[in-house]
Protein chains: 2
Amino acid sequence: MQAGRGAKARVLDQLRDAIIRGEHRPGTSLSEGALAEAYGTSRTPIREAIQQLQSEGLVEVVPRVGTFVRQPSRRELTELFQLKAVLEGLGAQLLAQRGLVAETELLQANLADSERAVAAGDAERYAQLVHDFHGLIIQGADNHMLAAQYDNLMHKLAYHRIVVNTLRHPGRLEVSLAEHRNVLDRIVGKDAFGAEFAMRDHVQSSQREAMSNRSDAEN
Amino acid sequence: MQAGRGAKARVLDQLRDAIIRGEHRPGTSLSEGALAEAYGTSRTPIREAIQQLQSEGLVEVVPRVGTFVRQPSRRELTELFQLKAVLEGLGAQLLAQRGLVAETELLQANLADSERAVAAGDAERYAQLVHDFHGLIIQGADNHMLAAQYDNLMHKLAYHRIVVNTLRHPGRLEVSLAEHRNVLDRIVGKDAFGAEFAMRDHVQSSQREAMSNRSDAEN
DNA sequence: TTAACGTCTGTTGCATGCAAGATGTCGTGA
DNA sequence: TCACGACATCTTGCATGCAACAGACGTTAA
């Protein structure tokens, strides 16, 4: 019916978002026919979107049985954080090598905003700023392949939700902010090696926080 | 017609292989109809395989115009090697942390074979051993996500051809072998940090060699 | 000669129908 | 009560037909 920029792309975005937001709980069965009716298209664009989501690891298609929303195991979460650490570390390294560019300015502004959010205790606002901070690092690295792999990785876990939960821990906001400041200082100081490992340490720190309360509501 | 484990999977593997082997030259148009006839199926499995290849970056689909084999630019090649360095670095780091496992034994055997191949000047054989060496590092890291991302990365470039060409450079075999030896020594020495950076150095060294003669026959 | 226009072919995007297989259910027998 | 088997139903896999659009090519008019 309504297209936009192609039915497949529309279904893909909306369905992925619905899964990440927990609208389809892990283990839930996703029937192509039902989705086709829900999205007002035929099964064809649904199938194409589902296969993309399968390659992203969000759903699992069992031939002739059904497709199910996947729940990342604790082990997979560990693996994802290990990859996130080296990818974002590479981003920080490359950005430091580039010197002062537009993204470094934006990162400075991001940190200023973050300080205000932390001072006000606004965890929701800070979560968004954290998301932007990491995105700016990757974007500033100016490596399209890295950005693509990073996006693919971030799609795999409901990362925003994890961060929001993490930031509820007392004192986490302040520690996180200090780590961000440390990373950016080394980037503007053109200390590529230092920036990379500051970023890695930060990711590992965030991983410890995220995986300590893995018995959350939705799990 | 003949299925195997699904027409889509069969088409995907064969078509990807054909592209990587240069059977379809970059810029070539891939018509769904023609491929359907060639592979003896309908357009549906062809379309599914093509979309997968598009997400892997091997082809580009222009809506209502055609799908074309993509040619990685020099910049993309640089980006790919940067990613390869950190991913394989992570693999070496994780393998070093694991201590002695089956893969370390296989790597030792691989190096012994490599020494014989280098002594005999058998570049073709050594190229295969190089491929196995890097694969064993990733496999031994015991991180499924890393392995998946790595495979995805390696699909994007005709990596084996590049290595074969690289190994034609005089003295390259010996240098490469010494670097492999260095990496494995640090892995068995449980020097995770050293292993990671030895691996990175090796990849960068290989990148320099690969990108110095980029005016090869097929480009 | 050249530029503009209409047509015609080739391409992908999507809808739909049919086939193959897996799973749950209900009935039947012991 | 329990085990087992046939069947009904639901699922995805694939084939096919039609529509929309881009681009090439020939035609025509200036």
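On a predicted model such as this, the values are computed, not experimentally measured, just so you know.

Undergrad: Describe the protein's contact with DNA strand D, naming the residues involved and giving the relevant values.
TA: Surrounding DNA strand D, one finds 19 residues, the nearest of these being Leu-30 and Arg-47 of chain A together with Ala-7, Ser-42 and Thr-44 of chain B. Across the atoms of DNA strand D situated within 4 Å of the protein, the share located in sugar and phosphate is 66%. Within the contact set of DNA strand D, a phosphate oxygen lies 2.5 Å away from a backbone nitrogen or oxygen of Ala-7 of chain B. At 2.7 Å, a side-chain N or O of Ser-42 of chain B approaches a phosphate oxygen of DNA strand D. Residue assignment for the surface near DNA strand D shows that the elements contributing at least two residues are α3 (43–56) and β3 (66–69) of chain A together with α1 (7–20) and α3 (43–56) of chain B.

Undergrad: How would you summarise the side chain of Ser-205 of chain B if you had to cite specific residues and measurements?
TA: All names here are of chain B. Mapping Ser-205 onto the fold places it in helix α10 (residues 192–212). Owing to a relative accessible area of 7%, Ser-205 belongs among the buried residues under this scheme. At a separation of 3.0 Å, a polar atom in the side chain of Ser-205 contacts the side chain of Glu-179. Excluding residues within four positions of it along the chain, Ser-205 makes contact with Arg-172 and Glu-179.

Undergrad: I'd like a rundown of the confidence of the model for chain A, residues and numbers included.
TA: Taken residue by residue, chain A gives an average pLDDT of 91. The fraction at 70 or more is 93%. Every residue in residues 215–219 of chain A scores below 50 in pLDDT, and together they form 5 contacts with partners more than four places removed in sequence or on other chains.

Undergrad: Account for the pairing of strand β2 (residues 59–62) of chain B, with residues named and values stated.
TA: All names here are of chain B. Judged from the 4 bridges that link them, β2 and strand β3 (residues 66–69) form a sheet pairing that is antiparallel. Looking across to β3, one finds that Glu-60 is bridged to Phe-68. Counted along the chain from β2 to the antiparallel partner β3, the turn is 3 residues long, and its residue Arg-64 has a positive phi close to 65°.

Undergrad: Report on the nonpolar core, specifying residues and quantitative values.
TA: In terms of nonpolar packing, the biggest core is built from 70 residues, with Tyr-126, Ile-137, Leu-146 and Ile-187 of chain B touching the most fellow members. Every residue in contact with Tyr-126 of chain B, bar those within four places of it in the chain, is listed here: Ser-114, Ala-117, Val-118, Leu-167, Leu-173, Ser-176, Leu-177 and His-180 of chain B. Val-130, Leu-136, Val-183 and Ala-195 of chain A belong to the second-largest nonpolar core, a separate cluster that totals 27 residues.

Undergrad: Account for the relation of the copies chain A and chain B, with residues named and values stated.
TA: With an axial shift of 0.0 Å and an RMSD of 0.1 Å, the rotation relating chain A to chain B amounts to 180°. Classification of the inter-copy transformation places it as that of a two-fold axis. When each C-alpha of chain A is compared by its distance to the rotation axis, Val-86 of chain A comes out closest, at 3.2 Å.

Undergrad: Requested: an account of the interface of chain A and chain B, with residues and values cited.
TA: Contacts between chain A and chain B engage 30 residues on the former and 30 residues on the latter. Across the chain A to chain B interface the summed buried area is about 2,600 Å²; carbon plus sulfur atoms make up 49%. Three residues, Leu-83, Met-145 and Gln-149 of chain A, lead the burial of chain A against chain B; their summed loss comes to 25% of the area buried on that side. Across the pair Arg-75 of chain A and Asp-142 of chain B runs a salt bridge whose closest N-O atoms are separated by 3.2 Å. Counting every contact that joins chain A to chain B gives 17 residue pairs in polar contact (both at pLDDT 80 or more). Listed by contribution, the elements that provide at least two residues to the side of chain A that touches chain B are α3, α4 (74–98), α7 (144–156) and α10 (192–212) of chain A. The leading source of residues in the side of chain A that touches chain B is α4 of chain A, at 11 residues.

Undergrad: Outline the protein's contact with DNA strand C, supporting the account with residue identities and numerical values.
TA: The full set close to DNA strand C counts 19 residues, and Ala-7, Ser-42 and Thr-44 of chain A together with Leu-30 and Arg-47 of chain B are the nearest of them. Among all atoms of DNA strand C positioned within 4 Å of the protein, those belonging to sugar or phosphate total 63%. Thr-44 of chain A places a polar side-chain atom, nitrogen or oxygen, 2.8 Å from a base nitrogen of DNA strand C. Separating a phosphate oxygen of DNA strand C from a backbone N or O atom of Leu-30 of chain B is a distance of 3.1 Å. Of all the elements in the fold, those that place two or more residues in the surface near DNA strand C are α1 (7–20) and α3 of chain A together with α3 and β3 of chain B. Class assignment for the residues of the surface near DNA strand C results in 5 nonpolar, 7 polar and 7 charged.

Undergrad: Before we move on, could you go through the domain arrangement of chain A and cite the residues and values that matter?
TA: By a frequent convention, interface size equals the accessible area lost on bringing the separate parts together. Splitting chain A by domain gives domain 1 (7–69) and domain 2 (74–212). The straight-line distance from the C-alpha centre of domain 1 of chain A to that of domain 2 of chain A is 30 Å.

The rules behind the values
- Residues numbered from 1 in each chain as written.
- Chains lettered and ligands numbered in written order.
- Predicted model: local features only at pLDDT ≥ 70, side-chain atom pairs only at ≥ 80, totals over all residues.
- Heavy atoms only, no water.
- Near = heavy atom within 4 Å.
- Polar contact = N/O pair within 3.5 Å; in protein donor to acceptor, adjacent residues only side chain to side chain.
- Helix = DSSP H or I, 4+ residues; strand = E, 2+ residues; numbered from the N terminus.
- Buried < 20%, exposed > 50% of the residue type's maximum accessible area, 1.4 Å probe, protein only.
- Contact = heavy atoms within 4.5 Å.
- pLDDT = per-residue confidence, 0-100.
- Pairing = 2+ DSSP bridges.
- Core = buried A, V, L, I, M, F, W, Y, C linked by side-chain atoms within 4.5 Å.
- Least-squares fit on C-alpha atoms with pLDDT ≥ 70 in both.
- Buried area = accessible area lost by both parts, 1.4 Å probe.
- Salt bridge = Lys/Arg side-chain N within 4 Å of Asp/Glu carboxyl O.
- Nonpolar A, V, L, I, M, F, W, Y, C, P; charged D, E, K, R; others polar.
- Domains from an automatic or database assignment.

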